[in-house]
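Coordinate analysis (summary)
Residue-level listing of the chains:
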Amino acid sequence: MDKKQVPISFTINGKKMTRQVNPSLLLIHLIRDELKLKGTKPGCMEGECGACTVIVDGRAVNSCLYLAVNIDGKQVNTIEGLSTVERPLHPVQHKILEHGAVQCGFCTPGFVLSIKAIGDECVEQGIVPSRKEIAKELEGHLCRCTGYVKILDAAEDYLAHPILQNSSDHG
Amino acid sequence: MRLRIIWLIQSFKTALIMDKKLKLIGKSTPKLDGSERVSGRAVYGHDIELPNMLHGMILRSRYPSARIKSIDCSEALELDGVECIITANDVDVNRISYKRDHPVLKGETVNCQRDELAAVAATSRETARKALRLIKVDYEVMEGIFDPFEALKEDARQINLYGKGAESFGNKNIAESFTYSHGNLEEQKKNSRVIVSRRYRLPRVTHCCLATSNITADYSVLDGRLTLYASTQVPFLYQRDMAHALKMDPSRIRIIQPTIGGGFGSKLDMYPFEPICALLSMKTGKPVQLLYDREEEFIASPTRQTMVIDLTTGADAEGKFTFREVRIIMDNGAYTSWGATTPFVMMQTYSSLYQVPACHFRADAIYTNNPFAGSFRGYGNPQATFSVERNIDLMAEELGIGKDEIRLINANYPGEITGQGLHFKTCGAKPALMKVLETSDYERKNREKQNGRYRRGVGLASMLHVGGGAKIYRSDGCGTRLKLDHYGYLTIVTGSSEIGQGSETVLAMIASEELGIPLQQIRVINTDTDIKPWDVGVHASRTSFVAGNSLLGAIRLLKDKLNLKAARLMECETGDFLYEAGSIRADQKEIKIDKVVREMHFGSPNELCVAEYFYEPPSSFQDKQYMGDVSGNYAFASQVAEVEVDTYTGKVKVLNVYVSQDVGRVLNPVGLQGQIEGGLAIGIGYALTEEMIYEKGVLQNPSFHEYKLLTPVDMPDIHFYPIETLDEAGPYGSKGAGEAPLIPSAAAIANAVSDALGVEFQSLPLTPENVLRAWSEKRQHEPANSRKV
Ligand code: FES
Ligand code: FES
């Protein structure tokens, strides 16, 4: 524990923040244990399930493989960042509910964030991905309850008309 | 004549159920608590943090089989932040598990890789982990027994010292044994035109709940009460088991179920880590949390039974089934969980899936030094169905009749009382078969044989499963309490549990339907044993059925009260009023339901608008010979799988699965569809990719990287056709549906791969290596000139 602490500054869910962190601290631990944002889920801690997905500078990453020091100067969005008082649920989340794509829900925040990130990218590039492409993009996510069909339905539905929303346009 | 009467009665009952116009039941309704889950607000066991909380961790055995000479914790105890370490010597506990053959902490011998030797409570997980490394265990390693057939040998040593096999079953290493028979086997053998015998081997697979096992224990030294935040699917059995383990009064134990990140049967038993965590809390007087990491989850959580099935079946010249003779050896592992009772379900499949004049069944669960098996969605039935349906294909081939035809000839029918005494008051077996045959275009696809690198095939399989609970405990019942408040909001306190399967939503839908209260005004409380009434737990696809009936009973009582008061207020005769849109309606009059409640509360005589009801299904205990009608009703299903096999790589791609299932009535289409798709994903994984690989009792692939689950790209197109038979026993005619979708899928897929390649498979999973091996063996045996290029 006597390793040197490193100062980092970042924006999380629209809020600027500065912290001292241990260089080996994982992003998921910073998020869950220090910032107490429990919506980011630890499914495997080995980069295989996608439950721990967060968005860093617009890209979905596995926070269990990502060192916290590497978010220095970056924008981080977690599932909590999708809810505001004015708009409690993001359109992706509405689609997930509408299509019945949530059962136990442990995988859900990860899927939601990945689908949102795909949507943002597609808007920028002006493309609508096919179902096959979406499935390929979501290959890093595991779900043991739903069999993926409804998740893909929801993603396809959302990605037909995604809403561009940068991680930075909070507040 | 008799058949006709039964048919008439059935259509009459059906008419009664159909009569009522349903507003919400049968309409897709999103999950009630879905928004909590999609927004990350739902609190799972991993998310709980209590003040002053410690972190627990378990030291497991280095060897699957050894005597323990000593455990030295002195160095670990000195580590800063370590508050407590326990070993078998430090605790006064009873053995746990279904057969009470499982010490919570192991002090004399270790019998499998999972075995718990010591547990630490520390101020952080890192400290706890460090402490584990400092504990010194002196082992005397023994040669393990990993093959159940070896364990059965005369000179094998007794693996579980607490096993009662010698007295009960004539062999020290038999943990549990089931024998069943009906009909005259010898006579039926004589009647048979074909007899097919095969040995099937089914692999060990595991649940892979996305949330790993977890518990938070909070013992209060002030009043001696123990609160457990535990992901159990059977809270009341769990409370009893915990009390037994800890030698405590059960009512001092309160079980609170946080949101559960997947169950699938894995949370039917209580495992050692749970009393261990409680003990750490009791020793330290502080809350303690114990979470598995993924590797530990693979190593130390239960599995589906791996087994060897010897199945002999016969059919006469017309294709009518004559008999089934089954001998099953299950690898029980080192200790005995509820999973050892899976033969109870398997024997139903052998005795009663299709019409079977004679059946003899024996299954033994054998102790080995492998990890112990638990219960897993389907409960033995995927294994049994795999063997039955493979044999049926082989018999059809030998008889030269269609694989569809042979199944139709033998299909179960409404009114049938099977050799085992199961009574199919309604039965959608034949309609389900016909539906999948027709929609998949089975006959044509089965006829067309393909050449070349990619070959397609179709496979057919059916299943039978309990649909209305299963009486395995003294009560298979469920209690409900209702409270309607004077603002028109309803609270349902139900004994049943929600583990992600959507039961909460179905209950709220039923209440909304019956009382005309919008869903948004209904709360379901179901997570606290201090509050909720008895229920046996989530198993046997029973929750919608049993909890639904219990709720309907309570609603009837509540309505009696409301009707009386409403009649008085509307100044009319009391009767069967219409409950709609927040109002109670008589012919010309109506009154708001909340107004009626206000009059009950504040008028005189003052009265609460509450009701409670206990529902016990009409099923009976089976007798010692396992004869009897064990479930309130029965679910039937058929599936056709269409696959494409790459003969160069051996890779099997499932293209389409056609599913038809007798669900009694569809309550919530989107929820049901989700159960079907989710079940199929587990079934396809069982067929194609999943296997825990053990070498001498040590798991070789404890990660998602090496243990392959299906991912979003692997799913076939799923075509689902529910069959509604409106069984009067279930709420609105419904039957349990949660387990059925995964039961026949492995069988259908194996049949399809066999169809595509013309080779036989007697084991799972059909990995590329296994398929390729079977394929090249076939090619070697084919005469050279018949080979197509
Ligand atoms: S927890 Fe990060 S990928 Fe599974
Ligand atoms: S909903 Fe349970 S893991 Fe996806």
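Residues numbered from 1 in each chain as written. Chains lettered and ligands numbered in written order. Predicted model: local features only at pLDDT ≥ 70, side-chain atom pairs only at ≥ 80, totals over all residues. Heavy atoms only, no water.

**Section: the overall build of chain B**
When helices and strands are counted, chain B shows 21 helices and 28 strands. In terms of overall size, chain B behaves like a compact globule, its C-alpha atoms giving a radius of gyration of 28 Å where 789 residues would be expected to give roughly 28 Å. Burial statistics for chain B: of 789 residues in total, 65% are counted as buried. Counted over contacts in chain B with a minimum sequence separation of 6, partners at least 24 positions apart contribute 80%. Accessible surface, chain B as shown: approximately 29,200 Å² in total, 50% of it carbon and sulfur. The distance from the centre of the 92 positive side-chain charges to the centre of the 98 negative ones in chain B is 2 Å. (Helix = DSSP H or I, 4+ residues; strand = E, 2+ residues; numbered from the N terminus. Rg over C-alpha atoms; globule rule 2.2 N^0.38 Å. Buried < 20%, exposed > 50% of the residue type's maximum accessible area, 1.4 Å probe, protein only. Contact = heavy atoms within 4.5 Å. Areas by Shrake-Rupley, 256 points an atom, 1.4 Å probe, with all protein chains shown as cover. Lys, Arg positive; Asp, Glu negative; His and termini not counted. Charge placed at Lys NZ, Arg CZ, Asp CG, Glu CD.)

**Quick notes on the sheet that holds strand 17 (residues 478-484) of chain B**
Residues and elements named next belong to chain B. Reading across from one edge, 19-18-17-23 is the order of the four strands in this open sheet, with mixed pairing throughout. The open sheet is flanked by strand 19 (522-525) and strand 23 (610-615), the only strands paired with a single partner. Mean inter-strand twist for the sheet, computed between neighbouring axes without regard to direction, equals 15 degrees. One ladder, built from four bridges, connects strand 18 (residues 490-494) with strand 19; its direction is parallel. Each bridged residue has a counterpart across the sheet, and for Ile492 the counterpart in strand 19 is Val524. Its contacts with the sheet place helix 16 (residues 503-515) against strand 18 and strand 19, and it is angled at close to 135 degrees to strand 18. (Pairing = 2+ DSSP bridges. Axes fitted to C-alpha atoms, helices over the stretch in contact; angles between N-to-C directions.)

**Points about the pattern of salt bridges**
All names here are of chain B. Evaluated as defined, the whole model comprises 56 salt bridges over all chains. In this structure, Lys425 engages Asp629 in a salt bridge whose closest nitrogen and oxygen atoms are separated by 3.3 Å. Of this pair, Lys425 sits in the loop between helix 13 (403-410) and helix 14 (429-440) while Asp629 sits in the loop between strand 23 and strand 24 (634-646), placing them 204 residues apart in sequence. With relative accessibility at 35%, the residue Lys425 sits in the partly exposed group. A residue is classified by how much of its surface remains accessible, and Asp629, at 17% relative accessible area, is buried. Several salt bridges converge on common partners, so that one network encompasses Arg60, Lys106, Glu116 and Glu296. (Salt bridge = Lys/Arg side-chain N within 4 Å of Asp/Glu carboxyl O.)

**Description of a negative patch on the surface**
All names here are of chain A. Together, Glu121, Glu124, Glu133 and Glu137 make up a region of like negative charge exposed at the surface. The set of elements that each furnish at least two residues to the negative patch consists of helix 3 (108-125) and helix 4 (131-137). One can find Glu133 in helix 4. (Patch = residues over 30% accessible without salt bridge, like charges linked within 9 Å, V, L, I, M, F, W, Y side chains within 5 Å.)

**Details of the interface of chain A and chain B**
Tallying the contact residues gives 43 residues for chain A and 47 residues for chain B. Each partner contributes to the roughly 3,600 Å² buried at the junction of chain A and chain B, and carbon and sulfur atoms together form 62% of this total. Our count for the chain A to chain B interface comes out at six salt bridges. Between Lys150(A) and Glu677(B) there is a salt bridge, with its nearest N and O atoms 3.2 Å apart. For the pair chain A and chain B, the number of links is 22 residue pairs in polar contact (both at pLDDT 80 or more). Breaking the side of chain A that touches chain B down by element, the ones donating at least two residues are helix 2 (91-98), helix 3, helix 4 and helix 5 (149-160) of chain A. Grouping the amino acids of the side of chain A that touches chain B by side-chain chemistry returns 21 nonpolar, 12 polar and 10 charged. (Buried area = accessible area lost by both parts, 1.4 Å probe. Polar contact = N/O pair within 3.5 Å; in protein donor to acceptor, adjacent residues only side chain to side chain. Nonpolar A, V, L, I, M, F, W, Y, C, P; charged D, E, K, R; others polar.)

**Here we look at the environment of Gly415(B)**
Turning to its location among the elements, Gly415(B) is positioned in the loop between helix 13 and helix 14. With relative accessibility at 9%, the residue Gly415(B) sits in the buried group.

**Here's the deal with the sheet that holds strand 2 (residues 66-72) of chain B**
Residues and elements named next belong to chain B. The strand order 4-2-6 describes an open sheet built from three strands, whose pairing is antiparallel. Both outer strands of the open sheet, strand 4 (109-110) and strand 6 (136-141), are each paired with one neighbouring strand and no more. Of the strand pairs in this sheet, strand 2 and strand 4 are connected by two bridges, and their pairing is antiparallel. By the bridge assignment for strand 4, Arg67 is matched with Thr109.

**Focus: the domain arrangement of chain B**
Each domain of chain B was delimited in the assignment, giving domain 1 (1-30 + 426-460 + 633-789), domain 2 (45-142 + 207-300), domain 3 (148-206 + 302-410) and domain 4 (477-615). In this structure, domain 3 of chain B and domain 4 of chain B have C-alpha centres spaced 45 Å apart. (Domains from an automatic or database assignment.)

**Description of the pairing of strand 7 (residues 174-182) of chain B**
All names here are of chain B. Buried residues dominate strand 7, accounting for seven of its nine residues. Relative to strand 15 (residues 358-367), strand 7 runs antiparallel, the two being bridged by eight bridges. By the bridge assignment for strand 15, Ile174 is matched with Ile366.

**Digging into empty space enclosed by the protein**
Residues and elements named next belong to chain B. Taken as a whole and judged by the stated rule, the model has six cavities of 30 Å³ or more. Lining the largest cavity are 14 residues, and of these Ser266, Lys267, Tyr271, Phe273 and Glu274 lie nearest its centre. Along the lines of polarity and charge, the residues of the lining of the largest cavity split into four nonpolar, six polar and four charged. (1 Å grid on protein atoms, 1.4 Å probe; cavity = no way out; pocket = protein on both sides within 12 Å on 5 of 7 lines; lining within 4 Å. Points joined across faces, edges and corners; volume = space filled by probe spheres on them.)

**Digging into the nonpolar core**
Residue and element names in this part refer to chain B. Within the largest apolar cluster, 162 residues are counted, with the highest numbers of intra-cluster contacts made by Ile328, Tyr350, Phe361 and Ile749. Beyond its immediate sequence surroundings of up to four residues, Phe361 is in contact with Phe178, Thr179, Tyr180, Val326, Ile328, Pro343, Met346, Met347 and Tyr350. Counting 45 residues, the second-largest nonpolar core is a separate cluster that includes Leu490, Leu519, Leu552 and Val596. (Core = buried A, V, L, I, M, F, W, Y, C linked by side-chain atoms within 4.5 Å.)

**Details of the packing of aromatic side chains**
For any two aromatic rings, the description comes down to two numbers: the centre-to-centre distance and the angle of the planes. All names here are of chain B. Across all of its chains, the model carries 17 aromatic pairs over all chains by this definition. Geometrically, the ring pair formed by Tyr350 and Phe361 is tilted, given 5.7 Å between the ring centres and 40 degrees between the ring planes. Residue Tyr350 is located in helix 11 (residues 343-352), and its partner Phe361 is located in strand 15; the two are separated by 11 residues in the primary sequence. For the pair shown, Tyr350 and Phe361 are each scored as buried. Here the aromatic cluster, defined as three or more aromatic residues joined through ring pairs, consists of Tyr271, Tyr335 and Phe372. (Phe/Tyr/Trp six-rings, centres within 6.5 Å; stacked < 30°, edge-to-face > 60°.)

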